[in-house]
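Here's the letter readout for the chains.
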Amino acid sequence: MADDLKTTVLNDLHLSLGARMVPFAGYEMPVQYPMGVLKEHLHTRAAAGLFDVSHMGQVILRGPDVAKALESLVPVDVAGLAEGRQRYALFTNEAGGIEDDLMIANRGDHLFVVVNAACKDADVARLRAALEPRGITVKLLENRALLALQGPAAEDVLAEHHPDVRDMRFMDVATVPLAGAECWVSRSGYTGEDGFEISVPNAAAVDLAKALLADDAVAPIGLGARDSLRLEAGLCLYGHDIDTDTTPVSAGLGWAIQKVRRLDGAREGGFPGAAQVLREFADPPAMRRVGLRPEGRAPMREGVALFETEDAAGAIGHVTSGGFGANVNGPVAMGYVPTPMAETGRTLWGEVRGKRLAVTVTDLPFVPAGFKR
């Protein structure tokens with residue numbers, strides 16, 4: 001690997017487990033293990049998978065009125081987020097486009113924010129520029145790893161180490177002692193399955209990972225299966241399904257903007273691009289993100305052009321994520337199409353290697369969510 005790639009504290013463990021490593025967001029990361037992507041995907045859905053997501057940015061925000069201060073950057077209700085709870089959020093720009101998606105947790109005397117690896121530096125700079133003048137400290141943590149334990153067996157596995165995790169519900173956060181260390185645990189993840197994300201001090205990360213992997217229900221899972229799992233779950237990948245040219249409403253993420261931040265809400269607007277974002281709730285955007293089920297067995301991958309008819313001259317949309325859905329036993333994809341063509345059941349056509357293939361607009365997710373409500 002190139003010398004300029006960063007590594008996570010679990011790098012040696014990945015290699016000892018036979019991982020195939022690839023560059024990702026500036027890091028050397030495991031894309032798959034000897035089990036292979038397909039079996040890793042199915043194992044996570046059936047039992048539990050352990051993911052290293054330590055490349056993501058973990059940030060602590062602390063200071064006066066920190067929740068309301070953060071609302072100047074995101075269109076979600078941060079001030080109303082209860083202690084011990086977490087919320088999905090978006091950074092928007094002045095045009096209403098999405099700069100990144102993130103998680104925000106209220107941990108009492110501070111907010112804990114997790115951002116995407118590829119956007120980490122830009123996100124921290126954005127936070128510092130907006131919040132430090134308001135007396136908020138922005139601290140990017142370099143001394144903690146981040147693990148994700150995902151799948152229907154995740155609760156039983158983690159409860160062997162601390163039984164209180166059974167009482168947590170989807171999007172709860174708590175401080176839990178694991179592997180002799182103070183861990184920050186959220187009941188969340190990005191696979192569509194029940195599970196937990198665990199922020200653990202670097203010094204204890206390898207011990208915790210080994211302890212979890214010692215359970216027969218747990219297998220190490222790489223980036224390949226992480227991508228196919230989140231695609232089946234209908235979840236967006238930043239830089240692909242959402243970016244600076246997509247707005248929350250066009251991306252189908254309007255649910256993430258609570259009523260209090262919408263038109264006539266108590267704290268309406270006040271975030272970058274608010275006029276455009278809020279307008280789209282009443283005046284729909286030109287394009288919408290949709291689920292797509294290609295006919296046959298050939299996957300339609302990112303970049304495939306979509307057409308209204310089999311012989312139409314000009315493309316009307318494109319695929320942003322696509323691959324094989326192991327649990328639906330067929331190809332699945334997401335993409336953007338004109339809003340009038342976004343109705344479920346509509347047939348469109350994708351061009352794969354010069355041939356037009358039928359594809360059906362489908363509801364998301366492709367597999368039911370397994371979250372513990």
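Below you will find a few notes about this structure. Since this is a predicted model, take the numbers as computed values, not measurements. (Residues numbered from 1 in each chain as written. Predicted model: local features only at pLDDT ≥ 70, side-chain atom pairs only at ≥ 80, totals over all residues. Heavy atoms only, no water.)

Focus: the nonpolar core
Stated precisely, the cut-off is as follows: Nine residue types can take part in a nonpolar core, namely buried Ala, Val, Leu, Ile, Met, Phe, Trp, Tyr and Cys, and a core is a set of them joined through side-chain atoms within 4.5 Å. Each residue's exposure class comes from its accessible area (1.4 Å probe, protein chains only) as a fraction of the maximum for that residue type: buried when under 20%, exposed when over 50%, partly exposed otherwise. Strands are runs of DSSP state E lasting at least two residues, helices are runs of H or I lasting at least four, and both sets are numbered from the N terminus onward.
Grouped together as the largest cluster of nonpolar side chains are 28 residues, with contacts concentrated most on Leu149, Leu158, Val185 and Ile198. Going through the elements one at a time, β3 (48-52), β9 (144-150), α5 (154-159), β10 (173-178), β11 (181-186), β12 (195-201) and α6 (202-213) are the ones with two or more residues in this core. The element contributing the most residues to this core is α6, with five residues. In this structure, Ala67, Val74, Val78 and Phe91 belong to the second largest nonpolar core, which totals 24 residues.

Examining helix α8 (residues 274-282)
Stated precisely, the cut-off is as follows: Directions drawn from the helix axis to the C-beta atoms are what define this arc.
Taken residue by residue, α8 has Ala274, Val277, Leu278 and Glu280 as its buried positions. Projected onto a plane normal to the axis of α8, the buried residues spread over an arc of 150 degrees and lie on a single side. For α8, exposure combined with an orientation more than 90 degrees from the buried face picks out Ala275 and Ala282.

Observations regarding the sheet that holds strand β5 (residues 86-92)
Keep this limit in mind: By the convention used here, strands pair only if DSSP detects at least 2 bridges between them. The axes are straight lines fitted to the C-alpha atoms, using for helices just the contacting stretch, and the angles between their N-to-C directions are given from 0 to 180°. Any two residues having at least one pair of non-hydrogen atoms within 4.5 Å are treated as being in contact.
Taking strand neighbours across the sheet as the criterion, the five strands line up as β5-β6-β7-β4-β8 in an open arrangement whose pairing is antiparallel. A strand with exactly one partner marks an edge of an open sheet, and here the two such strands are β5 and β8 (137-140). Between one strand and the next, the sheet's axes are offset by a mean angle of 30 degrees, whatever the strand orientation. Sheet topology places strand β4 (residues 57-62) next to β8; four bridges connect them, and they run antiparallel. Opposite arginine 62, over in β8, you have threonine 137 as the bridge partner. Its contacts with the sheet place helix α4 (residues 120-131) against β4, β5, β6 (98-106), β7 (111-115) and β8, and it is angled at close to 165 degrees to β8.

Re the environment of glutamate 193
Going by this rule: A 3.5 Å cut-off defines polar contacts: any pair of N or O atoms within that distance qualifies, except that in protein one atom must be a possible hydrogen donor and the other a possible acceptor, and neighbouring residues in sequence count only when both atoms are side-chain atoms.
You can see glutamate 193 is positioned in the loop between β11 and β12. The class for glutamate 193 is buried, based on a relative accessible area of 11%. For the pair formed by glutamate 193 and arginine 45, sequence separation is 148 residues and the distance between their alpha carbons is 7.0 Å. Discounting residues that sit within four places of it in the chain, glutamate 193 has contacts with Thr44, Arg45, Gln150, Gly151, Pro152, Gly370 and Phe371. Among the polar contacts listed, one links the side chain of glutamate 193 to the side chain of arginine 45, at a separation of 3.2 Å.

Examining the packing of aromatic side chains
To keep things clear, this is the line we draw: Pairs were defined over the aromatic rings of Phe, Tyr and Trp, the Trp ring being its six-membered one, requiring ring centres within 6.5 Å. Orientation was assigned from the angle between planes: stacked under 30 degrees, edge-to-face over 60, tilted for the rest. Comment: the charge-over-ring label is applied if NZ (Lys) or CZ (Arg) is within 6 Å of the ring centre and within 35 degrees of the ring normal.
Using the criterion set out here, one finds three aromatic pairs in the structure. Residues tyrosine 88 and tryptophan 255 carry aromatic rings whose centres are separated by 5.5 Å and whose planes lie at 25 degrees to one another, so their mutual orientation is stacked. Taken as a pair, tyrosine 88 in strand β5 and tryptophan 255 in the loop between α7 (223-232) and α8 lie far apart in primary sequence, 167 residues in all. Look at tryptophan 255 and you get exposed, because its relative accessible area is 57%. Ring geometry for phenylalanine 170 and phenylalanine 371: centres 4.1 Å apart, planes at 10 degrees, overall stacked. Placement of phenylalanine 170 in the loop between α5 and β10 and of phenylalanine 371 in the segment after β19 (355-362) is noted, with a sequence separation of 201 residues between them. Taking the ring centre of phenylalanine 51 as reference, the NZ or CZ of arginine 226 above it sits at 5.9 Å.

Some remarks on the side chain of aspartate 194
Within the secondary structure layout, aspartate 194 lies in the loop between β11 and β12. Given a relative accessible area of 9%, aspartate 194 falls into the buried group. Residues within four places of aspartate 194 in sequence aside, it is in contact with Leu149, Gln150, Gly151, Ala154, Glu155, Arg187, Gly370, Phe371 and Lys372.

A look at the sheet that holds strand β18 (residues 347-352)
Whenever strands of a sheet pair, they do so through backbone hydrogen bonds, lying parallel or antiparallel. Strands sit in the order β14-β17-β16-β15-β18-β19 around a closed barrel of six strands; the barrel is antiparallel. Pairwise comparison of adjacent strand axes, ignoring direction, gives a mean angle of 45 degrees for this sheet. As paired strands, β18 and β19 are joined by six bridges and run antiparallel to one another. Residue pairing across strands places glutamate 351 opposite arginine 356, the latter belonging to β19. Its contacts with the sheet put α7 on β16 (317-325) and β17 (330-338), and the angle it makes with β16 is roughly 115 degrees.

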